[in-house]
Amino acid sequence: MTQETMLYVVRHGQTMFNLLDRAQGWADSPLTPAGEEAAAQLGLGLSRSGVVFSAAWSSDSGRARDTGRILLDHMGQQALPLHTDRRLREWCLGDMEGLPNRQFLSSLLGWDGRPISIRELNARLPEAVESIHTHLDSTGMSESYDTLRARLLEGLSSIARETAGQGGGNVLVVSHALSIKLLIHLLCPDRMEEAAMLHNASVCRFRFADDGFQALELNDTRYLDGSAVPAR
């Protein structure tokens, strides 16, 4: 019997760069002990809520892979393969990689040439992407907004379609803060405020049907403290 396809999009656990408040895109840093513990608690919370994954994916960044593996181990799903997909990566932050977040954020410019304040960032994500690509990257590795948008949508959609084609079920997708925020901006822009501060090891749940996504809970941390209700 075909089941509906439900995507549990998880932000990775806290990393060393998160703890040091440094910009982290394609650059990677390891999970802290607190990040590992949060991934374990998330796995236990999902298991208590009756969630069983039929497939699991993460970005190819180490922090995402480690979060996914720890989470699955604590759900008792050690045997489930964790596939990686570079399309789930964080934004490339160009020359800002590894710099203090305050320096990164104060460097972003809008299409009008004026700085994008931290308060405005969630509403101006496309401008922030273009600011990095146009003004803050001497490496040539960052992506334009159109490229980044296509990468993330294609990655999530292909995972959803593949799972649906195999009978559906729950899918784990481990990604990153800015990439998840951009997906929310694209799929349910009226709910951006719920992701204003996207927590480490938080869950955004999307139902996939008829080639479209429906956002359910966003930035959900209830699985971490045991207050989540059984998934429906």
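Up top you'll find the structure we're talking about.
Attention here is on the structure that accompanies the text. (Residues numbered from 1 in each chain as written. Predicted model: local features only at pLDDT ≥ 70, side-chain atom pairs only at ≥ 80, totals over all residues. Heavy atoms only, no water.)

The strand order 3-2-4-1-5-6 describes an open sheet built from six strands, whose pairing is mixed. Looking at which strands have only one partner, the edges of the open sheet turn out to be strand 3 (82–84) and strand 6 (212–215). Direction aside, neighbouring strands of the sheet carry axes that sit 25° apart on average. Taken together, the four bridges between strand 5 (residues 203–209) and strand 6 define a ladder with antiparallel strand orientation. Each residue of the ladder has a partner; that of Phe-206, found in strand 6, is Ala-215. Those strands touched by helix 6 (residues 145–165) are strand 1 (5–11), strand 2 (53–58), strand 4 (169–175), strand 5 and strand 6, and its axis lies near 140° from that of strand 1. (Pairing = 2+ DSSP bridges. Helix = DSSP H or I, 4+ residues; strand = E, 2+ residues; numbered from the N terminus. Axes fitted to C-alpha atoms, helices over the stretch in contact; angles between N-to-C directions. Contact = heavy atoms within 4.5 Å.)

Attention now moves to the pattern of salt bridges. As enumerated under the stated definition, the model contains 13 salt bridges in all. We note a salt bridge from Asp-85 to Arg-87, for which the minimum N-O separation is 2.8 Å. Across the salt bridge formed by Glu-143 and Arg-151, the nearest N and O atoms sit 2.7 Å from each other. Comparing Glu-143 with Arg-151, the two get one shared label, buried. (Salt bridge = Lys/Arg side-chain N within 4 Å of Asp/Glu carboxyl O. Buried < 20%, exposed > 50% of the residue type's maximum accessible area, 1.4 Å probe, protein only.)

Bringing helix 7 (residues 177–187) into the picture now. Where burial is concerned, most of helix 7 is hidden: eight out of the eleven residues are buried. Taken residue by residue, helix 7 has Ala-177, Leu-178, Ser-179, Ile-180, Lys-181, Leu-182, Leu-183 and Ile-184 as its buried positions.

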